Amino acid sequence: MPEITATSHSILEPALAELTARNRSAANRADPLRLVEAPPTAKVIVRALEPLEALNHVLEPILSTRLDDCPNKVSIGKDCRVFWLRVNQWLVIAEPGRSNGLVHSLEQALTGFDSSVVDVSDYYTVLELSGPGARDVVMKGCPFDLHPRAFPTGAMALTRLAQADILLYHRPAHRPDSVHLDILVRSSFAEYALRWLHDAGLEYDITVAPAPDQIPDPPTIEASGADS
Amino acid sequence: MRSSRPDNARLADRRGDNHDRVVRFRFNGRNLEGLEGDTLASALLANGIHWVGRSFKYHRPRGIFSAGAEEPNALVQVGDDPALTEPNLRATQVEIHEGLNARSQNVQPSLQFDLQAINDLFWRLMPAGFYYKTFMAPARWWALYEHMIRRAAGMGEAPAAPDPDRYDHRHEHCDLLIVGGGPAGLVAAQIAGRAGARVILADEQDRFGGHLLSEPGCRQWIDRQVSALEAMDNVTALTRATVFGAYHDNFFGLVERVTEHLPPDRRPRFAPRQRFWQIRARQAIMATGMIERPLVFHLNDRPGIMLAGAVRRYLHRHGVLAGRRPIIATNNNSAWQTAFDLAEAGASPVTIVDTRHAPPDRLRERAEALGIEVLAGHSLTGTRGRRHIRSVTVRPMRANGELAATGSRRIRCDLLSVSGGWNPVIHLFSHRKGPLAFDEGLASFVPARPSVAGLHAVGGAAGHTRIGEVVADAASRTRQALAECGLDSAPFERPETPETATDTDTLDLEPIWELPTDAAPARTRAFVDLQNDVTAKDLALALNEGYTSVEHVKRYTTTGMGTDQGKTGNVTALGIVADHQQRAIPAIGLTTFRPPYTPVTIGALVGRNSGRFLAPVRKTPMHCWHERHGAAFEDVGQWKRPLCYPRPGEREHDAVQREARAVRTAVGMLDGSTLGKIDICGPDAAEFLNRIYTNAWKKLAVGRCRYGVMLGEDGMVMDDGVTARIADDHFHMTTTTGGAARVMAWLEEWHQTEWPELKLHMTSVTDQWAVASLAGPGAREVAARLVDDIDVGREAMPFMSWAAGHVCGGIPARIFRISFSGEPGFEFNVPSRYGLALWEQAMAAGSEFGITPYGTEVMHLLRAEKGFIIVGQDTDGTVTPHDLNMDWVVSGKKDFIGRRSLYRADMLRPDRKRLVGLTTDDPSIVLEEGAHVLAADASPTPPVPMLGHVTSSYYSPNLNRSIALGLVKGGLDRKGTRLVVDTGHDRVPVEVVDSVFFDPEGERLHA
């Protein structure tokens, strides 16, 4: 695979620049409400109609965790997290800097199974909302129960944010008294979601971080797909 | 403007719950002072102002009547700013703040001198149904009548400018929602909170306590409860929060008034004015208490006539003595407490008029001790005082309820405080279709059983009047609700009972729905619904005119309508209707309560989903480039797509013409990222496509693409697009931009429900890929400059093939050699993060070939020149492939969705509408899309048979004339014939031609 010299861009670059310029001085608080775009990493949708045991036999060496058929379960591997999406459908998200070869390895491992492995790295944009008011902001537009008893650290849900479909993931926060939510949204809806979250967060003194560095995780899929 | 004497009715020795801080506000242009903690109503009463408005129909002077949400009279317009002013606010619920500016509504020019007060002189001409009878004919004048009536009956003025306030939403979930923060609600919250439940306690007032706020001895009890609740993390206690509706599955709507009670300069900048909470509760407690109902008697609507409980509320909560010479009229014990408290507060003389002949002795003794005169077994036969009540006339009643022959007496007063009993607030229970029963003791409706589907009525709302019963009922029902949630409430001991005036909490009510009067029947005016000016006589009229159902009586007389929805008048109206029909109230039933309990602002329901958040705006990865280069955008579903790229000074039409010429003569580039894309993978993928599409797919070679049409089960064209075979078991499908989600759901449904045996998987990849489509004679040259390792030569990449590799410096890409313009086309697909880089490099590489970005309007024009259809423009759900002359895309050798429908008799009619080309005789005339196509000799007057309509119409710069596509009956047989197209004011002659206008042989495509 040749090295990529072309520049990649976040679809949010113009909006992030605009909103960052509107940040107020709240950034000097110890734990401000912060909205950032996560750096791009590999994301793969795995669909498979095979016994879990057989799938895990070949996938566990790659994921260092297991697919689970428990709804809304998140399994954390060394280099990735695996989200249960629907029956027989999972989303694998590489940790930053760990994208290399993920799609290809999954394709190789599942050859011969009734399965599909689809690169959706650019399909989703990930927004990270963190800080004490994060839950309140999302509750403005999300009908899912986000109370810590119902949506503890580590929980995820496919739900709605205002009028956009999202995957919401309650990531362990850096501070015990804080909350960190990952919001996966289709890239074409990302600016809508970003601006909506920003507007919702004004009440809580939200700050927006500039666009993430696009360099670290280039896409790893060959556009030709697995077999051609 | 002179400042009024402040607080002339405020008692020096008590302030109730008010603070010391003086608040200045304006009412009807007068500068007034109140205390922080006052409602507008309590502040006005403190200033001796009762008369605050005029009635809806007769424009009679009306005063503050209640102390809460039930207020029928004291509706005010708050604010002067045309964007912020709000009508129909209840003065009893508006909290005053510095600078508040309120005025009476329904008065012109002023409260004191109102032109329409003349209506009251002609009141006999305006009974119930007046409008229906008077404004019937001529029917065409209704528009004028309605305008006049609306003005005459206006309930305040709507804002004239967009609302600048912020409104917001919040979704919440809880184990237990408790509606109402009075004694029952506070006890319920205490028990549920200690049991560890997730509790939301909501009260519509600015503080908790409910009915106990009228009880001077309960302050400490309330404070103890509230501070205990505040210490619990699991309890969310909301004040100024009205639960306005109860819906299925214990879903509740609540509006929290967040900042509107604050002066504008103290409102946090981004905090919403109101917040609409959507609450999903596992169980809910309805602790909504009771609302007092008035007595109905002759001239019972004057300013200075108030509900007895309200008078007591103003006294104890706000330290306001609503009158110094009060009369208390009642049919039950509760109002006696008002009399006692007024006497103790210094009012004198105090008179009690009780319609009962034998009120309890213990009350009589206490009245006597306080020097209160008691007139038992008396009726109120009339009142005097146009702007404020001055006196009442009373007369003894016989045991049978008729007036005694003698004993009429007139008593001076400045306050008439009335009580006809108490109605449990059962609205939410009724919203949930909970069954109601008539309680004889209360003479009112109560829940027929304690709960309906997880909503439990407790305390006053369940019909309890004694504080001990209220508390015990709330405690036991709450424990039961918690048990339903699987929560154990055992650790909490018996709840503490607040100390209230228990002498009067057993009502001993003797219902009397309309007090007898000695006034002549023709002159009698006893108001049942104060807000809608409905009298007892109006109800009788409705019955006489044949409206027997209470629902009909309600609609004919408008009783129970308006902003208060009859909270004080409904049950009384039922009593009067029942009396007239000589039936029992339960036999005639109750009108239905529907949400909202009190009016809800549209702003709260909309929240932030307006303006730029009205609907999501979807953007492509190249959007910012289009913006920078002056694109004019159009909305395609939720997407923003460039329509064309007008240069400075260039009109859109000219830009479209320029871009369309450029594609035919040089090369153009279109952002096609919005196309729906579906990855289909699995050994049965080809078989699946074979069933979905009308044409054959099994033999499509890897590396090739094919155009496909899919039909609904009705045989009508549903979507189309090009699908490529990536591998034996792997396809890349494209759909129309607008159809992507529908097609994805359609495919999943067929796979999951009909053909689960087919081994394949589908994944939407629309947003994964950015798409740049090169088209034009120069497309191949430009493509060749962009690729790293892909051969785009004629032999290596023939029409309808695709190749994978890298472009623009290592970007992984799929290139599809397809065309929607009739020109050679190369569609570059790259991961969307590289869309912008691809686009910019293509623009740079194409500059020497005259590359021109083009928009959707140009794409539409170019395909129309070629007669290619657009699903949704040239089709409308009634069009088959045959109608579109596309039999070539329909296989005769296999089955597919919709095939059987294609052979129904109607599908084989020879005169079905078919797609044809239409050319105007005058090449400069561009037809209107949607215009009707008629026979050349069609009649100039209706009926005019319609032959079809124009579906697409453009001016073609490449043909130097206008072109149009249309669906025309028997269209193909009409080729060469002449028809006309109706433009609405003109008929344009056209010729029916083939639908392919440009390069019919398709030679350019393979160039």
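Residues numbered from 1 in each chain as written. Chains lettered and ligands numbered in written order. Predicted model: local features only at pLDDT ≥ 70, side-chain atom pairs only at ≥ 80, totals over all residues. Heavy atoms only, no water.

Caption draft 1: Structural detail: the overall build of chain B. Tallying secondary structure elements over chain B gives 22 helices and 48 strands in all. Structurally, chain B occupies a C-alpha span of about 115 × 75 × 60 Å along its principal axes. Counting the 1007 residues in chain B, one finds 62% classified as buried. Intrachain contacts of chain B at a sequence separation of at least 6 include 67% that bridge at least 24 residues. Roughly 38,800 Å² of accessible area belongs to chain B as shown, and the carbon and sulfur atoms make up 52% of that amount. For chain B, the distance from the average site of its 116 positive side-chain charges to the average site of its 120 negative ones is 4 Å. (Helix = DSSP H or I, 4+ residues; strand = E, 2+ residues; numbered from the N terminus. Buried < 20%, exposed > 50% of the residue type's maximum accessible area, 1.4 Å probe, protein only. Contact = heavy atoms within 4.5 Å. Areas by Shrake-Rupley, 256 points an atom, 1.4 Å probe, with all protein chains shown as cover. Lys, Arg positive; Asp, Glu negative; His and termini not counted. Charge placed at Lys NZ, Arg CZ, Asp CG, Glu CD.)

Caption draft 2: A look at the overall build of chain A. From N to C terminus, chain A includes 5 helices and 11 strands. For chain A, the proportion of its 228 residues judged to be buried stands at 59%. A fraction of 66% describes how many contacts in chain A between residues 6 or more apart in sequence connect residues 24 or more apart. Surface exposure of chain A reaches about 9,000 Å², of which carbon and sulfur atoms provide 52%.

Caption draft 3: Representation of the environment of B:D488. Residues and elements named next belong to chain B. Tracing the sequence through the fold places D488 in the loop between α10 (467-484) and β28 (527-529). For D488, a relative accessible area of 55% puts it in the exposed group. Along the sequence, D488 and G196 sit 292 residues apart, while their C-alpha atoms lie 8.7 Å from each other.

Caption draft 4: Local environment of the pattern of salt bridges. Scanning the entire structure with this criterion turns up 74 salt bridges over all chains. A salt bridge links A:D79 to A:K78; its shortest N-O distance comes to 3.8 Å. For A:K78, a relative accessible area of 64% corresponds to the exposed category. Of the charged contacts in the structure, one is a salt bridge between B:D994 and B:K975, with a shortest N-O distance of 2.6 Å. (Salt bridge = Lys/Arg side-chain N within 4 Å of Asp/Glu carboxyl O.)

Caption draft 5: Spatial organisation of the sheet that holds strand β48 (residues 987-993) of chain B. Residue and element names in this part refer to chain B. Taking strand neighbours around the barrel as the criterion, the 6 strands line up as β43-β46-β45-β44-β47-β48 in a closed arrangement whose pairing is antiparallel. With direction set aside, neighbouring strand axes in the sheet form an average angle of 45°. Strands β45 (948-956) and β46 (961-969) of the sheet are contacted by helix α22 (residues 856-865), whose axis makes an angle of about 110° with β45. (Pairing = 2+ DSSP bridges. Axes fitted to C-alpha atoms, helices over the stretch in contact; angles between N-to-C directions.)

Caption draft 6: Seen up close, α22(B). Residue and element names in this part refer to chain B. Among the 10 residues of α22, 9 are classified as buried, and the element is accordingly described as predominantly covered. When α22 is considered as a whole, its buried residues turn out to be T856, V858, M859, H860, L861, L862, R863, A864 and E865. The positive-phi residue at the C-terminal boundary of α22 is G867, with phi of around 75°.

Caption draft 7: Local environment of a negative patch on the surface. A surface patch of like charges, here negative, comprises B:E713, B:D714, B:E749 and B:E754. Owing to a relative accessible area of 41%, B:D714 belongs among the partly exposed residues under this scheme. (Patch = residues over 30% accessible without salt bridge, like charges linked within 9 Å, V, L, I, M, F, W, Y side chains within 5 Å.)

Caption draft 8: A look at the sheet that holds strand β3 (residues 74-76) of chain A. Residue and element names in this part refer to chain A. Spatial strand order, β3-β4-β5-β2-β6: 5 strands in an open sheet with antiparallel pairing. Because the sheet does not close on itself, it has two edges, and the strands there are β3 and β6 (115-119). Mean inter-strand twist for the sheet, computed between neighbouring axes without regard to direction, equals 20°. Here 3 bridges tie β3 to strand β4 (residues 80-86), and the two strands are oriented antiparallel to one another. Within β4, the residue paired with I76 across the bridge is R81.

Caption draft 9: Helix α6 (residues 308-318) of chain B, seen in detail. All names here are of chain B. Burial of α6 is extensive: 10 of the 11 residues sit out of reach of the surface. Every buried residue of α6 is listed here: A308, A310, V311, R312, R313, Y314, L315, H316, R317 and H318. Where α6 is buried, its residues touch α1 (40-46), α5 (219-230), β14 (290-292), β15 (305-307), α7 (334-344) and β22 (415-419). Of the residues one or two after α6, G319 is the one with positive phi, at around 65°.

Caption draft 10: Local environment of the packing of helix α11 (residues 536-544) of chain B against helix α12 (residues 550-557) of chain B. Residues and elements named next belong to chain B. In contact at an axis separation of 10 Å, α11 and α12 are set at 120° when each is read in the N-to-C sense. The angle between the axes of α11 and α12 places the two elements in the oblique class. In this structure, the crossing between α11 and α12 has a hand that is right-handed. The residues of α12 that touch α11, namely those facing D538, L539, A542 and L543, are V553, Y556 and T557. (Parallel < 35°, antiparallel > 145°, perpendicular 65-115°, else oblique. Left-handed = near helix turned anticlockwise from the far one by under 90°.)

Caption draft 11: How the structure looks around the interface of chain A and chain B. Each partner contributes to the interface: chain A provides 62 residues, whereas chain B provides 67 residues. Across the chain A-chain B interface, the total number found is 10 salt bridges. For B:E748, the salt bridge identified is with A:R47, shortest N-O distance 2.8 Å. Between chain A and chain B we count 31 residue pairs in polar contact (both at pLDDT 80 or more) in total. Of all elements in the fold, only β2 (43-48), β6, α4 (134-139) and α5 (187-201) of chain A reach the threshold of two or more residues within the side of chain A that touches chain B. (Polar contact = N/O pair within 3.5 Å; in protein donor to acceptor, adjacent residues only side chain to side chain.)

Geometric descriptors of this kind do not, in isolation, establish any biological role.
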